[in-house]
Each structure stands twice: as structure tokens, then as C-alpha cells.
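Listed here are the chains, written in short residue letters.
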Amino acid sequence: MDKLIIKGGVPLKGTINVSGSKNAALPILTACLLAKGPVRLTNVPRLRDINTTLKLLNILGCETTFEDNVVTAQVKELKPEAPYELVKTMRASVLCLGPLLGLLGEAKVALPGGCAIGARPVDLHLKALERMGAKFILDSGYIHGICGGLVGARIMFDFPTVGGTENLLMAASVAKGCTILENCAREPEVVDLANFLIAMGARIRGAGTSVIEVEGVRELKGCEYRVMPDRIEAGTYLVAGAITDGELKLVDCPLEDLDALVTKLREMNVYVEKQTDGTVLVHRNGPLMGVDVVTQPHPGFPTDMQAQVMALMCVAEGSGSIQEKIFENRFMHVSELGRMGARITLKDRTAMVRGVEHLEGAPVMASDLRASASLVLAGLVAKGTTEIQRIYHLDRGYERMEEKLSAVGAIIRREPE
Ligand code: EPZ
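Each chain has its residues counted from 1, running along the sequence as written. Owing to the predicted nature of the model, reporting of local features is limited to residues with pLDDT of at least 70; listing and counting of side-chain atom pairs is limited to 80 or more, with chain, interface and lining totals taken over all residues. With hydrogens and water set aside, each side-chain value is computed from the structure's full complement of heavy atoms.

### What to know about the layout of surface pockets
Here comes step 1: Space inside the second largest pocket adds up to approximately 210 Å³.
Here comes step 2: Along the lines of polarity and charge, the residues of the lining of the second largest pocket split into eight nonpolar, two polar and four charged. Any residue with an atom within 4 Å of a point lines the site, the site being either a cavity, points on a 1 Å grid over the protein atoms alone where a 1.4 Å probe fits but cannot get out, or a pocket, an open set with protein on both sides within 12 Å along at least 5 of 7 lines. Grid points are joined across faces, edges and corners, and a volume is the space filled by probe spheres set on the points. Residue type decides the class: Asp, Glu, Lys and Arg count as charged, Ala, Val, Leu, Ile, Met, Phe, Trp, Tyr, Cys and Pro as nonpolar, and the leftover types, Gly among them, as polar.

So, in C-alpha cells, the structure goes:
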């Protein structure tokens, strides 16, 4: 396992290119199972989770190649089973339920375990697919679904689940008849998946709103598609520019998908603006001020930016609060930030953060993807050296992070643990 060593205190200056979106690429890769012809995806980030998904596609009978951020996929002969040893490493594997049930009428997917940030059940996925005619049994840790062909239905999600909306978009695209999905997730990554499905010939209206209509078609064809830029990676680097009191220019930064984050950063006295050349400039605009944040489904404040903004609040003047309303255990970074001198108290699902003069470098442990990013950000501003262990969590969602940070002045290196 690798670790990152960071010597803090350097204001980052320069340009960072934002990579393709992990959370758009994962469902889009799974949707390749639906294509009758060859698919070519560009702007695919080189990440652990992408490699895991490509392995899963190969096991399910879809041949793939991945080079220079380009994926090609061609279904040869679909198989219904997604094995536990893959699914246990990446919850997003459950997204193959929709395509497999839609095309094969059968799917056998290991029940994804919980993860560091919560139990993360898939009950909403299953309930919705049952409305379309699927039947599920739980058999030795596997969800075994069968159906005699999915039929369009009217479905209301109890919660705007991102994965649930994505699974049902894929299933409904090849179901018989029309499906109306209500209380859908409105995340930009859901819209990117819908646009990809439409490029393959799906008939989808309303993606990005809470009501999506899908008219099932018999067959989806291959196509070429560019994955959207990663708004959470971009948001992480916006915070990096602010926390180090530097000045960063982001290329391919989807600012329009980050309204709630940008509003909070501006409240904290951070300058964030798209420039005439299309890049996004970020720097401090005076002393950082504490704010109050509540994570919500999109377009509310993204839970995937909660840990990163907490690191920023640790060195702001005054205090602020963060209420995590999406996941029940997404504060694993709090104790590690505390080891660096942060003053954070937890009460239920709310963290109270009191800004400190400065953080102290220390050895810390990554626990999940965004907690790792939060520790990197804290290390960049802390006095002294920070050592972050178990950064395989980071590699799941950030392409070449230490290279991108070194290129703008960070003193950061990767070493074996
Ligand atoms: C997606 O996860 C993202 N992952 C997550 O990003 C993100 O945090 C999350 O959406 C919320 O925005 C990918 O896109 C691969 P949900 P997903 O279904 O689909 C509960 C990252 O850091 N729930 O909207 O799993 C669930 O337990 C990752 O990049 C049910 O109870 O999110 C959670 O508390 C982390 N039953 C909440 O809803 C269900 O059937 C949100 O889940 C489904 C979900």
C-alpha cells in the first residue's frame, strides 16, 4: 500500500486540467452492456474504480480496451453474474442489474457490502425494478433477479437515489412500453448517463429534473461519447487553491454544476469565477470566514464535497457547521483532522468546526475517498510534514493527484508504506 508525504505551507500557483468524471463514467461504462454495436468513450479518467468496472464488463461478456483515457467496448455474449470479489470492492457494480435484467431477463449480482461511509443498501433499486416485473431472491449474499422481460411502469423513489435513478434509466431504456420515474436524482452525472443512452438511441425526456420519462426501444446501438468533466475533482482543486492561499486556474471545470459549492466558497471569501478564456480562476478574497453547510441531493450542496470544505473551514476565522444529511457515517476524516490540530466537535450528524491559526503536519490514515482528499488539502496548508497512509482510497477517484499538485508547486510525493 502507498502513502503520500506532503510538506505544507506552499501557496499553489498555476493551471490544473480537470479529468473526466468518475461518477459519470461508471454508469456509462455499465450502460455499454446495452449496446448492440461498438462503443468508444473519450475523457475516461484512469482510476481504480474504472479498472474494476472494466474487469466487471469483461466478466459479463463485454470486451473492452482502455488506453490514453479512451475506452472501447463491444458486447460479445452477455452473462448474468457479477461476482462478489469484484462487487465487494466497488458498490457501483450494482448498476449492472438494470442492463442485465433488461436484456437477459436475469441478473445475479453480489449484494454490495456497506462501506466506510454507511450501510448503502440497494432496496430502492430493487423495489423499482420489481415494479417493472423483476422478482428478486437473496441467496448466499447474491441478489438473484429474474423477469420475463421488463415492462414500463410508473415509479416513485422514496429518496432521490443517484444509483437507483441510473439503474432504472438503463432498465427502462430497453423495457417494453413507457416508464415514468418520479423523485429522481438530478445530479449532472445522471444527465450525462441519459445523454449517453440517448446517443445510443434511447428515448429519454426530463433527465436532470425529478420526473423522467423513458420510452423503451428494442435495441440500442453503439456510439462515440465524451464523458463530462469531474465536478467533484474540480471542486477539490478549487478548495486547494483557497486553502493554500494560492491562485489556481482550472481547465474544463464544470462550474455550472457546482452552484451550491461556489455559493459557499464565496461566502467564505473565496474568489471563484469563469474567465473569458473559459478557465476558472480561484484565490482568496480576504480572510477565510466560517460558514454553515447542509449536504443535500443536487442541486443542494454535494455530500462528495463535505470533507474537502471541512478542511477549508478548519483554517478559517470564526466557526461554522456541517450537517451531513445523505450518509450516516461520513465524518471519518474528523478524527484525523483533529490529529492535525483541527477543532471539530460532532453531535449526531452535525460537525461544529472552529477555525484555528494553523494545522500541524502529522501521520494520518485515509478511510474513504473524499476523506483522503480532505487530508491532502489539510496537509497542503499544515505547518510541517503530513504522511497519509492507505491512499488506495484516493486512487479510486483522483487521477494522478500528486502529479497535478506537484505541477502547481505542492511538495508532495508518493512512497510505499
Ligand atoms: C452516488 O452514490 C455516488 N457514487 C456517491 O459518490 C455520492 O456520494 C452519492 O451518489 C450521493 O450523491 C457514484 O455515483 C458511483 P445514492 P449512490 O443511491 O448511488 C441511501 C464518491 O465519493 N440509499 O444517492 O450509492 C444510501 O444509503 C461517491 O464519489 C438507500 O437507502 O448514492 C445513501 O445514504 C461516494 N437505498 C443515500 O441513499 C437505496 O436503494 C444516497 O445514496 C439507495 C440509496
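More follows now that the structure is in view.
### Things to note about the pattern of salt bridges
Here comes step 1: A carboxyl oxygen of Asp or Glu within 4 Å of a side-chain nitrogen of Lys or Arg is what we treat as a salt bridge. Following the criterion strictly, the structure yields 21 salt bridges and no others.
Here comes step 2: One salt bridge connects E399 with R46, and the closest N-O pair in it is separated by 3.3 Å. One end of the pair, E399, is in the loop between α13 (392–395) and α14 (401–406); the other, R46, is in the loop between β3 (39–42) and α2 (48–59), with 353 residues separating them in the sequence.
Here comes step 3: Only protein chains enter the accessibility calculation, which uses a 1.4 Å probe; a residue is then buried when its area is under 20% of its type maximum, exposed when over 50%, and partly exposed in between. Of the residues examined, R46 reaches a relative accessible area of 44% and is grouped as partly exposed.
Here comes step 4: For E182, the salt bridge is made with R154, and the minimal N-O distance between the two is 3.2 Å. With E182 in strand β11 (residues 178–182) and R154 in strand β10 (residues 154–156), this residue pair connects regions lying 28 residues apart in the sequence.
Here comes step 5: Here the residues in one salt-bridge network are D2, D395, E402 and R414, joined through shared partners. Note on conventions: DSSP H or I runs of at least 4 residues are helices, E runs of at least 2 residues are strands, and numbering of each starts at the N terminus.

### Quick look at the site of the ligand
Here comes step 1: One heavy atom within 4 Å of a molecule or strand makes the whole residue count as near it. The ligand sits among 22 residues. The nearest are D123, L124, T161, D304 and I326.
Here comes step 2: Here D123 contributes a side-chain N or O atom positioned 2.7 Å from a nitrogen atom of the ligand.
Here comes step 3: Nitrogen and oxygen atoms within 3.5 Å of one another constitute a polar contact, given that in protein one can donate a hydrogen and the other can accept it, and given that sequence-neighbouring residues count only through two side-chain atoms. L124 is positioned such that a nitrogen or oxygen atom in its backbone is 2.7 Å from an oxygen atom of the ligand.
Here comes step 4: Taken together, the elements giving at least two residues each to the shell around the ligand come down to α1 (22–31), α5 (123–131), α6 (162–173) and α12 (369–381).
Here comes step 5: Each residue belonging to the shell around the ligand can be placed in one class, and the counts come to 10 nonpolar, five polar and seven charged.

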